[in-house]
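Next come the chains, spelled out residue by residue.
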Amino acid sequence: MGLEDQAAVKRVADEHGSGVVVLLGTPDAESTQTLAQTVVTGDPSYAGPLAGVPLGLPVLHVFEAEVKDQVPVEVYEAQVALMEMSLDRDAILAGLGMARRLDGVAEGG
Amino acid sequence: MELRGKKVIALGERDGIPGPAVAECARRAGAEVVLTLTACYV
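Numbers given to residues run from 1 along each chain, matching the order in which its sequence is written. Both sets of labels track the order of writing: A upward for chains, 1 upward for ligands. In keeping with the model being predicted, local features are shown solely for residues with a pLDDT of at least 70 and side-chain atom pairs are shown and tallied solely at 80 or more, while totals for entire chains, interfaces and linings include all residues.

A. Broad picture of the sheet that holds strand 1 (residues 7-13) of chain B. Strand pairing is defined by DSSP finding a minimum of two bridges between the two strands. What counts as a helix is a DSSP run of H or I of at least four residues, what counts as a strand is a run of E of at least two, and both are numbered from the N terminus. Ordered in space as 2(A)-1(A)-1(B)-2(B), the 4 strands form an open sheet in which the pairing is parallel. Each edge of the open sheet carries a strand with a single partner, namely strand 2 (59-61) of chain A together with strand 2 (32-39) of chain B. Along the sheet, successive strands turn relative to each other by an average axial angle of 20 degrees, direction set aside. Pairing geometry for strand 1 (residues 20-25) of chain A and strand 2 of chain A, over 3 bridges, is parallel. If you follow Val22 of chain A over to strand 2 of chain A, its bridge partner there is Val59 of chain A. Note that contacts rest on C-beta atoms placed from the backbone: two residues are in contact if these are within 7 Å. Axis geometry follows a simple rule: fit a line to the C-alpha atoms, using only the stretch in contact for helices, then measure angles between N-to-C directions, giving values from 0 to 180 degrees. Here helix 2 (residues 29-40) of chain A sits on the sheet and contacts strand 1 and strand 2 of chain A together with strand 1 of chain B; the angle it forms with strand 2 of chain A, its principal contact strand, is near 155 degrees. Against the sheet, helix 1 (residues 19-28) of chain B touches strand 1 of chain A together with strand 1 and strand 2 of chain B, its axis set at about 150 degrees to strand 1 of chain B.

Dropping the structure here:
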């Protein structure tokens, strides 16, 4: 995640406290894992404002069934469905699952 | 996790789902979007 984006996430998380949830739209397992790690345990590259800052935010991906089920079908179809068909959904969710196991990334519910 | 009533940071990516599309899903699920970003890795 870019340095400016990290600063923005930190500012919003500080402002709104622990009730904030992160919803990802990442295209592969690696970016999913890296972003999840960044907003939970801190910037893994130790370069940005989130270095050493464990925000511990719950992380979901828009491809997860529990997210998809909450979005009106026509909205999901318009915003997400095309990319869901062209990307490797299983690999992306496996990346998120890996981050949850390694970093204690909070699951939903 | 129920998104309704939650504050959501929508972290999209240019090569995946862009931030505004992620944010729209969150909003329509009943969440309040507090930040929308679209990362771009080159």
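Following the structure, the description resumes.
B. Local environment of the interface of chain B and chain A. Facing the 26 residues of chain B at the interface are 33 residues of chain A. Taken together, the elements giving at least two residues each to the side of chain B that touches chain A come down to strand 1, helix 1 and strand 2 of chain B. Grouping the amino acids of the side of chain B that touches chain A by side-chain chemistry returns 17 nonpolar, 3 polar and 6 charged. Where strand 1 of chain A lies against strand 1 of chain B, 6 bridges are found, and the strand directions are parallel. Across the sheet, residue Gly25 of chain A finds its bridge partner in strand 1 of chain B, namely Gly12 of chain B. Residue polarity follows a fixed list, in which Ala, Val, Leu, Ile, Met, Phe, Trp, Tyr, Cys and Pro are nonpolar, Asp, Glu, Lys and Arg are charged, and the others, Gly among them, are polar.

C. Inspection of the pairing of strand 1 of chain B at higher detail. Residue and element names in this part refer to chain B. Counting buried positions over the 7 residues of strand 1 gives 7, a clear majority of the element. Side chains Lys7, Ile9, Leu11 and Glu13 of strand 1 all project onto a buried face; the interleaved residues Val8, Ala10 and Gly12 project onto the opposite face, where all are buried too. As paired elements, strand 1 and strand 2 share 7 bridges and run parallel to each other. Paired with Leu11 across the bridge in strand 2 is Leu37. By convention, orient the strands away from the viewer: a clockwise path from the first strand over the helix to the second makes the crossover right-handed. Crossover strand 1 to strand 2 through helix 1 is right-handed. Counting other C-beta atoms within 10 Å of each residue's C-beta, where C-beta atoms are placed from the backbone, gives the exposure class: buried for 20 or more, exposed for 12 or fewer, partly exposed between.

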